[in-house]
Amino acid sequence: MRKVNPFTPSAGVEPPSLIGRDDVLYDFEESLLAGVGSPARLMRITGPRGSGKTVLLNELGEIARKHSWKVVDETVHQAWVEDLCRRLTKEDRIDASFEVDLKLIHASVKKSSDGQTLDIRDALDSVVTPLTKKGKGLLVTIDEVQNASKEDVNRIAVAVQHLIREKKNIAFAFAGITSGVNSLLAEGGPTFLRRAYLEELKEIPIDEVAASLGETIRQNGLEIRETELMRAAEATAGYAYLVQLVGYNVWRTAARRNEGSVVSPEDVETGISNAMAEYDRAVLETAIAGIGKMALRYLLAMAEDRRVSSTSDIARRLGVASTSLSSARSQLIERQIIEPTAYGYVAFAIPFVREYLRKNRAQLLARFGIEESSPVP
Ligand SMILES: Nc1ncnc2c1ncn2[C@@H]1O[C@H](COP(=O)(O)OP(=O)(O)OP(=O)(O)O)[C@@H](O)[C@H]1O
Ligand SMILES: [Mg+2]
């Protein structure tokens, strides 16, 4: 019988096994049981693209549902707060099993002064109050929060703080790209988000990746030896998306060969190289496409460093004043390719950008029409 590939290299798709999230899931579940004021009821999840933020939000939702909480998921877009209000108060959004009195909800939701937009505090209150009375609660998840304005997050903050003070069962989980969320929290940003339970999705330890890859592969009908397993796990650098991409391609290569059921060293090498090619194409090339010439030079100058780069070193390498690089730097930060790490320092915000830039330097310069030796304009 044909074996189905168990790996899920797609955005927001639940992986065959969720690696490295036991602690945060435990703390979140505990917070639902512990009651109002429990820190993990307000959660801030940060990490680079593809680190598993959306999947983690989904998982928090599963836990909340298991405890009969209502869950509303929102992704930041234009007028997301208004949409959230509307969805909270829409009849078909309310799960009948909660037996919430809809008349009560509609009566308690006031229109704001312009008569159009609903007030977020009232909208949340209208759902959370009847749920709290029944010993249940409401979880709201907000994805891509780095795209939100400080004003909108502050509106939510005020509403949530009031509800918490009124001892309502409400939980909020925000997820976004680390640098974007940090700048949202900087001056004038909501202090409540700064104080939220922080789950930063850093690299998953390689031994946990190996154990999980091995289990998934074996449970689905193939065998793999420890040496091959470690090689595959190391290639992922503990990065969630690559765990799935490497797993998927190693599996695919071995399953297609159709000779026995043991993953060979060649399968692992071919799988890794296909996974990395797909990663370069889907993530790195997409990130770099359309940046300016100066931004590309900036990236190539950064690639000479091993970890963080000092902005003055970058300027020196390019032979220009630091100030003339500020727009290239902002463009790269805005596109979430790099992030400021401290005053005067930047780092790559996506795994393997450095390796990609080093490997493809000549080709990138040619593609952007830059002569290697030409002075920076
Ligand atoms: N804990 C995990 N263990 C293994 N694989 C995971 C884990 N979390 C997520 N993944 C996988 O990683 C990939 C990316 O997950 P997800 O879409 O949640 O990332 P993200 O951080 O939301 O990315 P983006 O910033 O692009 O929205 C998916 O293929 C998913 O199946
Ligand atoms: Mg996501």
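What you see is a predicted model; the values in this text were computed from it and never measured.

**With respect to the pattern of salt bridges**
Okay, so step 1: In this structure the tally under the stated criterion is 20 salt bridges.
Okay, so step 2: The salt bridge partner of arginine 155 is aspartate 152, with a shortest N-O separation of 3.0 Å. Here aspartate 152 and arginine 155 lie together in helix H6 (residues 150-165), a separation of three residues that amounts to about one turn.
Okay, so step 3: Looking at arginine 155, the relative accessible area reads 33%, which means it is partly exposed.
Okay, so step 4: Using a relative accessible area of 17% as the deciding quantity, one classes aspartate 152 as buried.

**Overview of a negative patch on the surface**
Okay, so step 1: A contiguous patch of negative charge on the surface is contributed by Asp22, Asp23, Asp207 and Glu208.
Okay, so step 2: Among the elements of the structure, helix H1 (22-34) and helix H9 (206-219) are those that each provide at least two residues to the negative patch.
Okay, so step 3: The class for glutamate 208 is partly exposed, based on a relative accessible area of 35%.

**Thoughts on the sheet that holds strand S8 (residues 309-310)**
Okay, so step 1: Strand order in this open sheet of three strands is S8-S10-S9, and the pairing throughout is antiparallel. At either margin of the open sheet sits one strand with a lone partner, and together these are S8 and strand S9 (338-342).
Okay, so step 2: The pairing of S8 with strand S10 (residues 345-348) spans two bridges and is antiparallel. Residue pairing for S10: serine 309 is matched across the bridge by valine 346.

**Examining the site of ligand 1**
Okay, so step 1: Near ligand 1, the surroundings consist of 23 residues, among which Thr8, Gly12, Val13, Arg49 and Lys53 are the closest.
Okay, so step 2: The backbone of threonine 8 places a nitrogen or oxygen atom 2.6 Å from an oxygen atom of ligand 1.
Okay, so step 3: For ligand 1, an oxygen atom lies 2.7 Å from a polar atom in the side chain of lysine 53.
Okay, so step 4: In isolation ligand 1 offers 630 Å² of accessible surface; the protein chains occlude 94% of this area.
Okay, so step 5: Residues that form the shell around ligand 1 fall into these classes: ten nonpolar, nine polar and four charged.

**Points about the confidence of the model for the protein chain**
Okay, so step 1: Mean pLDDT for the protein chain: 89, with 91% of residues reaching 70 or above.
Okay, so step 2: Throughout residues 91-116 the model reports pLDDT below 50, and contacts reaching past four residues in sequence, or to other chains, amount to 37 contacts.

**Here's the deal with the packing of H9 against helix H10 (residues 226-235)**
Okay, so step 1: Interaxial distance between H9 and H10 falls to 9 Å at its minimum, and their mutual angle equals 120 degrees. As far as their axial angle goes, H10 and H9 are oblique. Crossing handedness for the pair H9 and H10: right-handed. Each of Ile206, Val209, Ala210, Leu213, Gly214 and Arg218 in H9 lies in contact with H10, whose residues at this interface are Glu226, Leu229, Met230, Ala232, Ala233 and Glu234.
Okay, so step 2: Taken together, the residues that form the contact of H9 with H10 break down as eight nonpolar, one polar and three charged.

**Thoughts on the packing of aromatic side chains**
Okay, so step 1: Considering all chains together, one arrives at four aromatic pairs under this definition.
Okay, so step 2: Relative to tyrosine 279, the ring of tyrosine 241 has its centre 6.3 Å away and its plane inclined at 45 degrees; by these criteria the two rings are tilted. Taken together, the residues span a long stretch of sequence, with tyrosine 241 in helix H11 (residues 240-257) and tyrosine 279 in helix H12 (residues 265-288) at a distance of 38 residues. Both residues of the pair, tyrosine 241 and tyrosine 279, count as buried.
Okay, so step 3: Here tyrosine 279 and phenylalanine 352 contribute two aromatic rings whose centre-to-centre distance is 6.2 Å and whose plane-to-plane angle is 85 degrees, an arrangement assigned as edge-to-face. With a gap of 73 residues between them, tyrosine 279 in helix H12 and phenylalanine 352 in the loop between S10 and helix H16 (353-359) connect regions that are remote in the sequence.
Okay, so step 4: Accessibility expressed as a relative area gives 22% for phenylalanine 352, which makes it partly exposed.
Okay, so step 5: In textbook terms, an aromatic cluster arises when at least three aromatic residues are bridged by ring pairs, as seen for Tyr239, Tyr241, Tyr279 and Phe352.

**Re the pairing of strand S4 (residues 170-177)**
Okay, so step 1: Most of S4 is tucked away, with eight of its eight residues classed as buried.
Okay, so step 2: Here six bridges tie strand S1 (residues 42-47) to S4, and the two strands are oriented parallel to one another. The residue of S4 that forms the bridge with glycine 47 is isoleucine 177.
Okay, so step 3: Bridge analysis of strand S3 (residues 138-143) against S4 gives five bridges, and the strand direction is parallel. Its bridge partner being in S4, isoleucine 142 is matched across the sheet by phenylalanine 174.
Okay, so step 4: Read as a crossover between parallel neighbours, the route from S3 over H6 to S4 is right-handed.

**Considerations on the nonpolar core**
Okay, so step 1: Judged by nonpolar contacts, the single largest core of 61 residues is most densely connected at Tyr279, Ile291, Tyr298, Leu299, Ile338 and Leu357.
Okay, so step 2: Setting aside residues no more than four positions away along its own chain, isoleucine 291 makes contact with Leu296, Leu299, Gln331, Leu332, Arg335, Ile337 and Phe368.

**Topic: H6**
Okay, so step 1: In a regular helix each residue adds 1.5 Å, so 16 residues correspond to 22 Å; H6 covers 22 Å between its end C-alpha atoms and thus fits that length.
Okay, so step 2: Within the span of H6, buried status applies to Asp152, Val153, Ile156, Ala157, Ala159, Val160 and Leu163.
Okay, so step 3: Structurally, H6 contributes buried residues whose contacts are with S1, helix H3 (80-89), helix H5 (120-133), S4, helix H7 (178-185) and helix H8 (191-194).
Okay, so step 4: Once H6 finishes, lysine 167 follows within two positions and takes phi at roughly 65 degrees, a positive value.

Reading the values: the criteria
Residues numbered from 1 in each chain as written. Chains lettered and ligands numbered in written order. Predicted model: local features only at pLDDT ≥ 70, side-chain atom pairs only at ≥ 80, totals over all residues. Heavy atoms only, no water. Salt bridge = Lys/Arg side-chain N within 4 Å of Asp/Glu carboxyl O. Helix = DSSP H or I, 4+ residues; strand = E, 2+ residues; numbered from the N terminus. Buried < 20%, exposed > 50% of the residue type's maximum accessible area, 1.4 Å probe, protein only. Patch = residues over 30% accessible without salt bridge, like charges linked within 9 Å, V, L, I, M, F, W, Y side chains within 5 Å. Areas by Shrake-Rupley, 256 points an atom, 1.4 Å probe, with all protein chains shown as cover. Lys, Arg positive; Asp, Glu negative; His and termini not counted. Charge placed at Lys NZ, Arg CZ, Asp CG, Glu CD. Pairing = 2+ DSSP bridges. Near = heavy atom within 4 Å. Polar contact = N/O pair within 3.5 Å; in protein donor to acceptor, adjacent residues only side chain to side chain. Nonpolar A, V, L, I, M, F, W, Y, C, P; charged D, E, K, R; others polar. pLDDT = per-residue confidence, 0-100. Contact = heavy atoms within 4.5 Å. Axes fitted to C-alpha atoms, helices over the stretch in contact; angles between N-to-C directions. Parallel < 35°, antiparallel > 145°, perpendicular 65-115°, else oblique. Left-handed = near helix turned anticlockwise from the far one by under 90°. Phe/Tyr/Trp six-rings, centres within 6.5 Å; stacked < 30°, edge-to-face > 60°. Right-handed = clockwise from strand over helix to strand, strands pointing away. Core = buried A, V, L, I, M, F, W, Y, C linked by side-chain atoms within 4.5 Å. Expected span 1.5 Å × (residues − 1).

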